[in-house]
Amino acid sequence: MTDGNGTVALAFSGGLDTTVCVSLLKEEYGYDEVIGVTVDVGQPDYEFEEAEETAEALGVEQFVVDAKAEFADRCLKAVKANADYQGYPLGTALARPVIAKAILSVAEQEGCDGIAHGCTGKGNDQLRFEAIWRDSDLEVIAPVRELGLTREWENEYAREKGLPVEGGDGGRYSIDTNLWSRSIEGSELEDPSTVPADDIYKWTENPSGKDAELVAVTFEDGEPVAVDGETLGSVELIERLNERAGSHGIGRTDMMEDRMLGLKVRENYEHPAATVLLTAHEALEGLVLTQEARSFKTQVDQQWSQKAYEGLVDAPLTGALEAFIDDTNERVTGTVTVKLEGGHCRPVSRESDYAVYSESAASFNEEAVSGGITQQDATGVAKYHGFQSRLANDIREDVTERRAVTDGNGGADPSEE
Ligand code: ARG
């Protein structure tokens with residue numbers, strides 16, 4: 001805690017938690033000044049308007065950092081790792097380190113003494129923020145967690161203090177939106193047996209009888225660069241696919257998620273672009289990677305996604321996994337066409353100069369395989385195939401028979417021998 005002369009930078013959204021934090025950082029933590037930092041990772045416009053209005057009403061100086069392109073680039077890099085944690089394409093998890101770093105640089109540039117967030121002590125975000133911030137000399141403060149606050153208490157406190165909390169927090173759900181995904185938590189959704197109302201979804205239409213549509217995604221070194229032949233920047237590419245795939249109801253996930261602290265939580269997500277890009281990328285890897293590389297990469301991808309979920313972007317392991325991912329993805333260049341239809345998408349065509357594929361070798365119409373290999377050459381392989389299994393099974397049969405014989409003869413009690 002400071003002697004009362006310090007400035008603290010607060011991760012600021014203008015919602016109830018951060019609004020209450022502004023007041024508590026002064027009253028309970030003795031800071032003289034609070035600056036609010038809002039980082040743009042593709043939230044809807046009204047969230048910025050709300051944050052700006054609240055900051056003004058609170059008399060807090062607000063800094064808005066545009067990290068949209070940086071975040072979009074991160075998302076497209078995550079595609080190379082087939083980013084997936086238990087079925088969740090990691091939107092919030094990928095955004096937090098970007099947000100944390102942006103707030104830290106504002107705090108350092110403004111000569112702050114402390115840095116604070118309004119996360120509770122139950123979720124993942126506190127860990128992701130602090131993994132970045134605790135690498136600095138600033139005092140890290142988490143008022144909601146440290147003071148054990150509940151939303152009810154916060155509402156009461158805000159009313160007493162006359163704090164402006166009329167904004168979006170009045171909503172039923174806890175929502176986190178960025179370019180890559182929209183997460184909906186809380187209220188009746190906390191009961192895993194509740195079927196969500198359709199209106200929790202804002203990015204995805206209810207899959208209806210809409211005509212199917214094809215979309216071609218082009219990749220360079222594993223990263224998506226064009227849609228239907230049109231080269232697009234990362235932000236635009238994601239936005240475009242969110243709209244197109246969202247109109248077919250693609251990219252809804254309703255799941256139980258295991259948080260880092262061990263708590264299970266029921267999550268609902270929308271992520272149309274992520275679903276299309278991850279589907280297309282995996283299809284292209286299927287064409288250009290050897291069987292053994294594909295198989296090993298699933299393990300690497302899973303470890304990478306775990307690190308990304310934990311927000312440990314600077315972990316040495318993350319870097320090492322990325323070296324493998326980048327190396328294998330140097331071949332993941334080509335185009336995949338995906339069919340968007342009735343809430344689902346699936347690859348329907350793929351092409352690449354790096355295809356580990358010989359049409360004549362696999363064809364039913366050609367006698368030879370390639371490089372002088374003929375069908376008859378498979379005979380030896382076929383004879384060997386399953387050799388160990390047959391041997392193991394024969395041995396087990398023999399042993400079982402021998403035991404049966406011994407048991408039959410030696411039924412007598414060994415102590416009588
Ligand atoms: N469970 C997700 C994660 O930890 C998303 C959390 C988003 N938060 C929210 N208030 N909806 O990455």
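Residues numbered from 1 in each chain as written. Predicted model: local features only at pLDDT ≥ 70, side-chain atom pairs only at ≥ 80, totals over all residues. Heavy atoms only, no water.

A. Layout of the state of the cysteines. Tallied over the full model, the rule gives zero disulfides. No disulfide involves C21; its sulfur sits 8.9 Å from that of C119, the nearest cysteine. Here C21 falls in the buried class, since its relative accessible area comes to 0%. C112 takes part in no disulfide bond, and the closest cysteine sulfur, belonging to C21, lies 15 Å away. (Disulfide = S-S within 2.5 Å. Buried < 20%, exposed > 50% of the residue type's maximum accessible area, 1.4 Å probe, protein only.)

B. Representation of the site of the ligand in the model. Lining the immediate surroundings of the ligand are Y88, T92, A93, N124, R128, S174, D176, S183, E185, E257, E267 and Y269. A distance of 2.8 Å is found between an oxygen atom of the ligand and a side-chain nitrogen or oxygen belonging to N124. At 2.7 Å from a nitrogen atom of the ligand is found a side-chain nitrogen or oxygen belonging to E257. Starting from 350 Å² of accessible surface for the ligand in isolation, the protein chains cover 91%. At the level of secondary structure, the elements contributing two or more residues to the shell around the ligand comprise α4 (91-109), β6 (174-177), β7 (182-185) and β12 (264-270). A per-class count over the shell around the ligand returns three nonpolar, four polar and five charged. (Near = heavy atom within 4 Å. Polar contact = N/O pair within 3.5 Å; in protein donor to acceptor, adjacent residues only side chain to side chain. Areas by Shrake-Rupley, 256 points an atom, 1.4 Å probe, with all protein chains shown as cover. Helix = DSSP H or I, 4+ residues; strand = E, 2+ residues; numbered from the N terminus. Nonpolar A, V, L, I, M, F, W, Y, C, P; charged D, E, K, R; others polar.)

C. Highlighting unusual backbone geometry. Here the phi dihedral of L90 falls at roughly 75°; this positive angle occurs in a residue that is not glycine. Summarising the element assignment, L90 is placed in the loop between α3 (68-80) and α4.

So, to be careful, I would describe these as geometric facts and stop short of saying anything about function.
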